[in-house]
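Fold and geometry: a report
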Amino acid sequence: MNRSRTGLLATLGAAALVASLAAAPSALAAPAPDTVKPASTYATATYTGSSYAGSAEEQAANRQFFEAVMKSALKKQAAEPGIQAVTVRYSTSRAPSFRSQIAQSTRIWNSSVSNVQLAETSSGADFEYREGNDSRGSYAYTDGRGHGYIFLDYRQNQQYNSTRVTSHETGHVLGLPDNYRGPCSELMSGGGPGPSCTNATPNATERQRVNSLWARGIAALQDKGSLTKVR
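Our subject in this report is the structure included herewith. (Residues numbered from 1 in each chain as written. Predicted model: local features only at pLDDT ≥ 70, side-chain atom pairs only at ≥ 80, totals over all residues. Heavy atoms only, no water.)

With that settled, consider the overall build of the chain. A tally of regular secondary structure across the chain gives seven helices and eight strands. Here the chain, with 231 residues, has 53% of them falling under the buried criterion. Of the roughly 10,100 Å² of accessible surface on the chain, 49% is carried by carbon and sulfur atoms. (Helix = DSSP H or I, 4+ residues; strand = E, 2+ residues; numbered from the N terminus. Buried < 20%, exposed > 50% of the residue type's maximum accessible area, 1.4 Å probe, protein only. Areas by Shrake-Rupley, 256 points an atom, 1.4 Å probe, with all protein chains shown as cover.)

The end-to-end C-alpha separation of helix α4 (residues 99-112) is 20 Å, in line with the 20 Å expected for 14 residues at 1.5 Å each. Taken residue by residue, α4 has Q101, I102, S105, T106, I108, W109 and S112 as its buried positions. Along the long axis of α4, the arc covered by the buried residues comes to 165 degrees, so they all point the same way. Within α4, the exposed residues directed more than 90 degrees away from the buried face are S100 and S111. Against β3 (86-94), β4 (116-120), β5 (127-132), β7 (148-153), α6 (162-173) and α7 (204-222) lie the buried residues of α4. (Expected span 1.5 Å × (residues − 1). Arc of directions from axis to C-beta. Contact = heavy atoms within 4.5 Å.)

One can find S112 in helix α4. We classify S112 as buried; its relative accessible area is 17%. A distance of 2.6 Å separates a polar atom in the side chain of S112 from the backbone oxygen of I108. Ignoring anything within four residues of it in the chain, the contact list for S112 reads T201, P202, R207 and N211. (Polar contact = N/O pair within 3.5 Å; in protein donor to acceptor, adjacent residues only side chain to side chain.)

Among the structural elements, Q222 can be located in helix α7. On the basis of relative accessibility, which here comes to 39%, the residue Q222 falls in the partly exposed class. Spatially, the C-alpha atom of Q222 lies 8.3 Å from that of I83, the residues being 139 residues apart in sequence. In this structure, Q222 is in contact with G82 and I83, ignoring residues within four places of it in sequence.

If you look at the biggest cluster of nonpolar residues, it comprises 36 residues, and the most contacted ones within it are V88, W109, F127, Y129, V210 and W214. Secondary structure elements with two or more residues in this core: α3 (56-77), β3, α4, β4, β5, β7, α6 and α7. Ranked by the residues each element gives to this core, the list is headed by α3, at six residues. Excluding residues within four positions of it along the chain, V88 makes contact with V69, A73, V116, Q117, L118, A119, D126, F127 and W214. (Core = buried A, V, L, I, M, F, W, Y, C linked by side-chain atoms within 4.5 Å.)

On to the packing of aromatic side chains. Applying the stated criterion to the full structure yields nine aromatic pairs. Centre to centre, the rings of F66 and W214 are 6.0 Å apart; their planes meet at 75 degrees, and the pair counts as edge-to-face. Of this pair, F66 sits in helix α3 while W214 sits in helix α7, and the two are 148 residues apart along the sequence. Grouping residues by exposure puts F66 and W214 together as buried. These aromatic residues form a ring-pair network of at least three members: Y139, Y141, Y149 and F151. It is R136 that lies over the ring of Y139; its NZ or CZ is 5.2 Å from the centre. (Phe/Tyr/Trp six-rings, centres within 6.5 Å; stacked < 30°, edge-to-face > 60°. Lys NZ or Arg CZ within 6 Å of the ring centre and 35° of its normal.)

Turning our attention to the packing of α4 against α6. Relative placement of two packed helices is described by the angle separating their axes and the distance separating the axes. One can describe the packing of α4 onto α6 by two numbers: an axis separation of 9 Å at closest approach and a directional angle of 55 degrees. With respect to α6, the axis of α4 lies oblique. Between α4 and α6 lies a crossing whose hand is right-handed. Where α4 abuts α6, its residues Q101, I102, Q104, S105, I108 and W109 lie against S162, T163, T166, S167, T170 and G171. Taken together, the residues of the contact of α4 with α6 sort by class into three nonpolar, nine polar and no charged. (Axes fitted to C-alpha atoms, helices over the stretch in contact; angles between N-to-C directions. Parallel < 35°, antiparallel > 145°, perpendicular 65-115°, else oblique. Left-handed = near helix turned anticlockwise from the far one by under 90°. Nonpolar A, V, L, I, M, F, W, Y, C, P; charged D, E, K, R; others polar.)

Such coordinate-based values are descriptive only and should not be taken to indicate function.
In C-alpha cells:
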C-alpha cells in the first residue's frame, strides 16, 4: 500500500500566508503513468521498512497540494465576512466504489475539527477522489496549478482498512504530514503499523494542528487589506 468564483481573490499577503501554512506536508497516490509522480503514497511496512520517513520531494509535493486546496477554498469564501469555518468541497464522481468510505472519512474529520469542514459537491470541487489500480497504492497528486486528487487503489484498500486509508489521505489535503513510525492511534502513521490497524480517527495532536492551520487561513480571509476584487 504505497501511497481545491470569480469573486474575491487572495493577493500576495494571503498567498504568502498560505505558503507559510504549508509547513505541514500532505501525502497520497494516484493512477497515472510512471511519468506522473504522486505527492506521496500510503506507505506499507514493505514499502517503508523500519526507517522510511518520506522524501523531501514528497514533502514538497504534499505542501503544494495542501496550498492549492487552501487557496481554492479561500477564494470561494472570500465574500463571506465573519465565517467560522472554511468549507473544502470534493467530488466522488470518479471514485464511486469508495463513496461509503469517503462519506465516513468526511464524518470523522467534520466531527474532529472546527475551522475547516468537508462537503461533497457535483461542481466546483477543490479536489476530487479517484479510484483504480496502481502498483504504488493510494496517494495524492497535484499538477502544481491548483488541481489535485486523491487516488484510492483497489488492492491496497482490500489489504488495509479502507476508511483509514481514505481518512489518512484526506488528512494530507487538510495539511498533515506523514509519520510512518507513529503508532496505530496516530492517523498519519499510515500503513506503518500494518494491516491490523483500523483506526481512522486523528488523535488530539493531529486535530489541533489542522484547526491551527485553517484558523490562520480564516484570519487571512478576514483581513480586508489582503483581498482584492478580480475583474
